[in-house]
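# Structural description and commentary
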Amino acid sequence: MSEPILTGSGLVKRYGSMRALAGVDAAVAAADRLAIMGPSGSGKSTLLHVLAGIIRPDEGEVRLAGSRIDDLGENRLSALRRTRFGFVFQAGQLLPELPAEENVALPMMLGGLPRRQAVARARAWFPPLGLDGLEGRRPGQLSGGQAQRVAIARALAVRPDVVFADEPTGALDQATGEEVVSLLTRVTREHGAALVLVTHDPDIAAHCDRLLQVRDGLIVEQYELRAGQVTAHA
Amino acid sequence: MQNQLLAITAAAVSALVLLSLLGFGLGSWQRADRAGWLTPAASAEPTALQAATTMYVDGGRPVTVVELAQLPGKAATAAPPGLTGFPRPGQVYYSPALAALIHRLPAASLAGRFPRAARPGTLGKAGLSSPDALIAVIGRAAADPEMTARRGSTQDQSPTAVGIAGYATTASGTLSTNVSWAFLLAGALLIVPITVLAAASGRLGAARREQQLAGLRLAGATPRQILGLASVQSAATGLIGALIGAAAYAALLPLLGSYRVGGGTWFISDLWVGVPWALAVPAAVTLLTVASAVSALRQVVVAPLAAARRQDARGTRRGRAIAFLLILAAGALAQQSGRLDRVGLLALVVLVFLALGIVGPWAVDRLGRLLCRLARGPVLLLAGRRLADDPRAAWRTVNGLALAGLVAGFFSIAQLGGTGQNSSASEIALAVPRASATALVARAEQRLEAAGVHAAVTLNDQDQLLYVDDDQTVLDVQTSAAAGQLDRAVTALTGLTPTGYPTAGAYLGWDDAQSIRDLSSISIAVLVLSFVIAIASAGLTAAATVLDRRGVYRLLRLSGTPLGIIDRARLSETAIPLTVMAGTSTLIGVYAGLRLNAALHTSVDRGTALLLAGCVLLGSAGMLLALGLSRPLLRTVTADPGRRASRRGRARREGRKARAGKAERS
């Protein structure tokens, strides 16, 4: 792995007496594709949220490009998530009243880009993602796969350093899920963004370069995934 | 749970306001009925004579003096309401409030106006419009000059006593009738905002259940089952709220009774609507809640997939604008025909409200689209898209204040300027026989001097206060307009001659002025209630919207959208249509008020124009406050979104462990 852009060291997160993360180290390099797997409740989503600055760890630290981010104020964290990170969730992240192109343009507008330019840039994402002609459709008028492609466009439109994807295929059928995750892994790499993907599906995880297996708040195994070959590290 | 509480609150407020309004409306008719005996219908075969005069005391409090005389040789006349028998000559009865006032004021100011009676009786509630009513009943002989002399006439007293045969038929006083109509008009003006508030309570819960019921529908539940489920849930919420509102109404009756209008405060029994209405109103609010919830959920029943995924924008049709124009044209035609009586005017007001209700969502839709076109940043874009996406929902939020603006605009501008005639405030006039006029001047001077009143007494044939016969002239007294001086002068002159009671110029036109004060008081109450209802509607709807959209808001924050942007977009989607719609409707109300003033040749009062401005400012501030109250809720539902996700994961894991443990043990 080349120089990491995002690192989490000694991460602990407690909910009451429960430890969701029990001392986790994780790192992601630029254009790296990291899958986090584990059974439900293992702490994999908590790990994603801590790395993304959504949840503050009780112990340990998170650094982006060498700068600590877990101690930033809420406003700066919000700005960081908006400008340096992109997010793809299982479903529901698109605003139902906005047409697809405005959903993609929204993060850019929030960053201060005038609407006309933001929408123009947003439209440019549609043909490469197979969404040509769907710019004016509302999320409710898109299929599940199309909606996830729009979400991918929205995540990448701000040219983030890291894209976080939390069960992005969880609401899709297997074939569509394969399509979407192929697209996600391809375009994040094409645009030089790292990808942190949480999934419980090994076939989806297989699209990534590395895999962290999480259980009871700990990383129990790490793998390098290379063209179908699996190399265990821990 | 929060939504249920909001829905219950909305239903409670609706029932409370509806029952209160109904109480005042029905109560004012009962008042008018009970005051009817003061103006009995003349009989072709009279058995008694009745003369009623209004005089004033204590700075303008009206005292009604009823003089009664049984005609000899005629059948016994029934007792007036509030008395056990028809008064015999020399008997005097006072209403409780008058008796208390007589006790409080010096005899030279009030008691001296009435015949001395060893034991004055008390006029009972059945003869009183209000606990504050000041009424004296004096029994006289039919041959008494007080009953037979032709009096000077004013609008407060007729020139002759009326021959009556009882109190079965009466001609109601104009004051009570005006107040009754004013309450009816107030009801018409407030019924729409109240309905909106009650309907909001149904929609609050329904919006939350939409996804759940859509899921049930997709799982195979029939439309009847879906609607049945929604109806039962909404009925429970609506009924609980409406019953709380009814209980609050009953508890607040003493407070409501202290509202002084139409001549005084209220008997509690007048404001109590009775058991049938007390049950019917909560039932109506519950039905409205259910109807509103079912209407909100009809999308689920018709197209569950669309409801689950919100495919379509809930746009509006141009037909609404056309219907609005048609209604306005019909109203304008009716107004120009000049045949609008009270019922017609009421119908016109309801029609204007209906027109606003029809055009409102369409106008909000167009406003939303315009905002979308003009938006350069995310706040206006989000607000505009939300408005265009569901204009009916946005209209429901601002509807109440738009209608309140119409009411405020109209009432603060209309019916102003007529504040009574005070050109002869220091004058007291008394009709006297021309033959004995000079002697009466001398006696008047003596009486006034004895009472300590400095006054100039003259005779005046051209007096403006009194209308007299040819054989009469007017004894004109010029004195100080101070209330104490007037009271003493009037008391001193009372009984000087049987040709009538002294009339003080200060109180000429009091009846009209009181009507205007009453209408003004009712309109202010309508205004305040409208704003309160509108603010409650907006606050409840804003809070419900936060709850309904918490999933979207949470994901927006999670993706880095500042809370301030979400909050500003949320406020804009209410504040912008509110400013445009309420501003426009207020201007329509002002225009209608100006037109009415022009027709009545009255002018705008600066004080009430300031009142309008104050109400608009306070209403807007209240609205912003109500919207702002849901800000902590927004912060709560979007706080630490990742933790919520992790909690769900933990719960799943604990559940799985528990199941695994159980399987192991077994």
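This structure is a prediction, so every number in the text was calculated from the model and none was measured.

A few words now on the overall build of chain B. Helices and strands together make up the secondary structure of chain B, namely 20 helices and 10 strands. By residue count, 51% of the 666 residues in chain B fall in the buried class. Excluding contacts between residues fewer than 6 apart, the proportion of contacts in chain B whose partners are at least 24 apart in sequence is 82%. Summed over all atoms, the accessible surface of chain B reaches about 29000 Å², with 63% contributed by carbon and sulfur.

Broken down by element type, chain A carries seven helices and 11 strands. Residues counted as buried form 60% of the 234 residues belonging to chain A.

Turning our eyes to something else, we now look at helix α5 (residues 223-257) of chain B. Spanning 35 residues, α5 of chain B covers 48 Å between terminal C-alpha atoms, matching the ideal 51 Å at 1.5 Å per step. At Ala251 of chain B, α5 of chain B shows its maximal bend, which comes to roughly 50°, and the proline Pro254 of chain B appears one to four places after that position.

Before going further, it helps to examine the packing of helix α3 (residues 100-110) of chain A against helix α4 (residues 115-124) of chain A. Residues and elements named next belong to chain A. Taken N-terminus to C-terminus, the directions of α3 and α4 make an angle of 125°; their axes are 8 Å apart at the nearest point. Compared by their axis directions, α3 and α4 come out oblique. When you trace α3 past α4, the crossing you get is right-handed. Residue-level contacts link Glu101, Glu102, Val104, Ala105, Met108 and Met109 of α3 to Arg115, Ala118, Val119, Arg121, Ala122 and Arg123 of α4.

The subject of this paragraph is unusual backbone geometry. Residues and elements named next belong to chain A. Residue Ala31 is not a glycine yet carries a positive backbone phi of 65°. Mapping Ala31 onto the fold places it in the loop between β2 (18-29) and β3 (33-37). A positive phi angle is found at Asp216, which is not glycine, with a value near 50°. Locating Asp216 in the fold gives a position in the loop between β9 (210-215) and β10 (218-226).

With that settled, the discussion passes to the environment of Ser42 of chain A. Residue and element names in this part refer to chain A. Note that Ser42 resides in the loop between β3 and α1 (44-51). Sequence separation of Ser42 and Gly217 is 175 residues, and the distance between their C-alpha atoms is 5.7 Å. In this structure the side chain of Ser42 is engaged in a polar contact, spanning 2.8 Å, whose partner is the backbone oxygen of Pro39.

Residue and element names in this part refer to chain B. One pass over the full model with this rule turns up eight aromatic pairs over all chains. Each ring, one from Phe24 and one from Tyr259, has its centre 5.6 Å from the other, and the planes form 90°; the classification is edge-to-face. With Phe24 in helix α1 (residues 2-35) and Tyr259 in the loop between α5 and α6 (268-271), this pair connects stretches of sequence that are 235 residues apart. For Phe24, a relative accessible area of 8% puts it in the buried group. For Tyr259, a relative accessible area of 22% translates into the label partly exposed.

Moving on: the sheet that holds strand β4 (residues 121-122) of chain B. All names here are of chain B. Across the sheet, six strands lie side by side as β4-β3-β5-β2-β1-β6; this open sheet has mixed pairing. If you trace the sheet from one side to the other, it starts and ends with β4 and β6 (162-164), each paired once. In terms of strand pairing, strand β3 (residues 92-94) meets β4 through two bridges, oriented parallel. Bridge pairing in β4 links Tyr93 to Gly121. Across the sheet, helix α2 (residues 96-104) is in contact with β1 (48-57), β2 (61-70), β3, β4 and β5 (134-139); its angle to β5 comes to roughly 95°.

Here the focus is the pattern of salt bridges. Scanning the entire structure with this criterion turns up 29 salt bridges over all chains. Salt-bridge contacts for Arg63 of chain A lead to Glu61 of chain A; the nearest nitrogen and oxygen are separated by 2.7 Å. The partly exposed category is assigned to Arg63 of chain A, whose relative accessible area is 30%. A residue is classified by how much of its surface remains accessible, and Glu61 of chain A, at 22% relative accessible area, is partly exposed. Between Arg386 of chain B and Glu573 of chain B there is a salt bridge whose closest N-O contact spans 3.2 Å. With Arg386 of chain B in helix α11 (residues 378-389) and Glu573 of chain B in helix α17 (residues 563-600), the pair connects residues that are 187 residues apart, well separated along the chain. As far as the burial class goes, Arg386 of chain B and Glu573 of chain B line up, both buried. One network of salt bridges, in which partners are shared, links Glu61, Arg63, Arg68 and Asp70 of chain A.

In terms of nonpolar packing, the biggest core is built from 56 residues, with Leu95 and Leu106 of chain A together with Phe183, Val285, Ile522 and Leu556 of chain B touching the most fellow members. The contacts of Val285 of chain B, once residues within four sequence positions are left out, are Ala11, Ser14, Ala15, Leu18, Ala198 and Ala242 of chain B. Grouped together as the second largest cluster of nonpolar side chains are 47 residues, Leu129, Ala153, Ala165 and Cys208 of chain A included.

Residues and elements named next belong to chain A. Taking 1.5 Å of rise per residue, the 14 residues of helix α5 (residues 144-157) would be expected to cover 20 Å, and the 20 Å separating its terminal C-alpha atoms lies within 8% of that figure. Buried within α5 are the following residues: Gly145, Ala147, Gln148, Arg149, Val150, Ala151, Ile152, Ala153, Arg154, Ala155, Leu156 and Ala157. The secondary structure elements touched by the buried residues of α5 are β6 (85-88), α3, β7 (162-166) and α6 (174-190). Downstream of α5 by one or two residues, Arg159 has phi in the positive range, about 55°.

Our focus in this paragraph is the packing of helix α16 (residues 550-558) of chain B against helix α19 (residues 631-638) of chain B. Residue and element names in this part refer to chain B. At a minimum axis separation of 9 Å, α16 and α19 run at an interaxial angle of 70°. By the angle between their directions, the pair α16 and α19 is classed as roughly perpendicular. Of the two elements, α16 crosses α19, and the hand of that crossing is right-handed. In contact with Arg550, Tyr553, Arg554 and Arg557 of α16, α19 contributes Leu634, Val637 and Thr638. Class assignment of the residues belonging to the contact of α16 with α19 gives a composition of three nonpolar, one polar and three charged.

Residue and element names in this part refer to chain B. A cluster of nonpolar side chains, namely Trp272, Val275 and Leu279, defines an oily patch on the protein surface of about 300 Å² accessible area. Looking at the secondary structure, you find Val275 in helix α7 (residues 275-302). Taking the relative accessible area as the measure of exposure, Val275 reaches 52% and is therefore exposed.

Two faces, one strand: in a regular strand the side chains alternate between the faces of the sheet. Residue and element names in this part refer to chain B. Summarising burial for strand β9 (residues 472-478): six of the seven residues are buried, a large majority. Note: strand β7 (residues 427-433) against β9, seven bridges, orientation antiparallel. Bridge pairing links Ile428 to Val477 in β9. Note that strand β8 (residues 456-460) and β9 share five bridges and pair antiparallel. Looking at β9, one finds that Ala456 is bridged to Gln478.

Moving on, we come to the confidence of the model for chain B. All names here are of chain B. Per-residue confidence for chain B gives a mean pLDDT of 79; residues scoring 70 or more make up 80%. Element-level pLDDT for chain B is lowest in helix α20 (residues 641-665), with a mean of 45, against a maximum mean of 96 in β3. Low pLDDT, under 50, characterises residues 416-422; the stretch is placed with 17 contacts to residues that sit more than four places away or in other chains. The low-confidence segment residues 643-666 (pLDDT under 50) makes 28 contacts with residues lying over four places distant or belonging to another chain.

What counts as what
Residues numbered from 1 in each chain as written. Chains lettered and ligands numbered in written order. Predicted model: local features only at pLDDT ≥ 70, side-chain atom pairs only at ≥ 80, totals over all residues. Heavy atoms only, no water. Helix = DSSP H or I, 4+ residues; strand = E, 2+ residues; numbered from the N terminus. Buried < 20%, exposed > 50% of the residue type's maximum accessible area, 1.4 Å probe, protein only. Contact = heavy atoms within 4.5 Å. Areas by Shrake-Rupley, 256 points an atom, 1.4 Å probe, with all protein chains shown as cover. Expected span 1.5 Å × (residues − 1). Bend = angle between axes of the 7 residues up to and from the residue. Axes fitted to C-alpha atoms, helices over the stretch in contact; angles between N-to-C directions. Parallel < 35°, antiparallel > 145°, perpendicular 65-115°, else oblique. Left-handed = near helix turned anticlockwise from the far one by under 90°. Polar contact = N/O pair within 3.5 Å; in protein donor to acceptor, adjacent residues only side chain to side chain. Phe/Tyr/Trp six-rings, centres within 6.5 Å; stacked < 30°, edge-to-face > 60°. Pairing = 2+ DSSP bridges. Salt bridge = Lys/Arg side-chain N within 4 Å of Asp/Glu carboxyl O. Core = buried A, V, L, I, M, F, W, Y, C linked by side-chain atoms within 4.5 Å. Nonpolar A, V, L, I, M, F, W, Y, C, P; charged D, E, K, R; others polar. Patch = residues over 30% accessible without salt bridge, like charges linked within 9 Å, V, L, I, M, F, W, Y side chains within 5 Å. pLDDT = per-residue confidence, 0-100.

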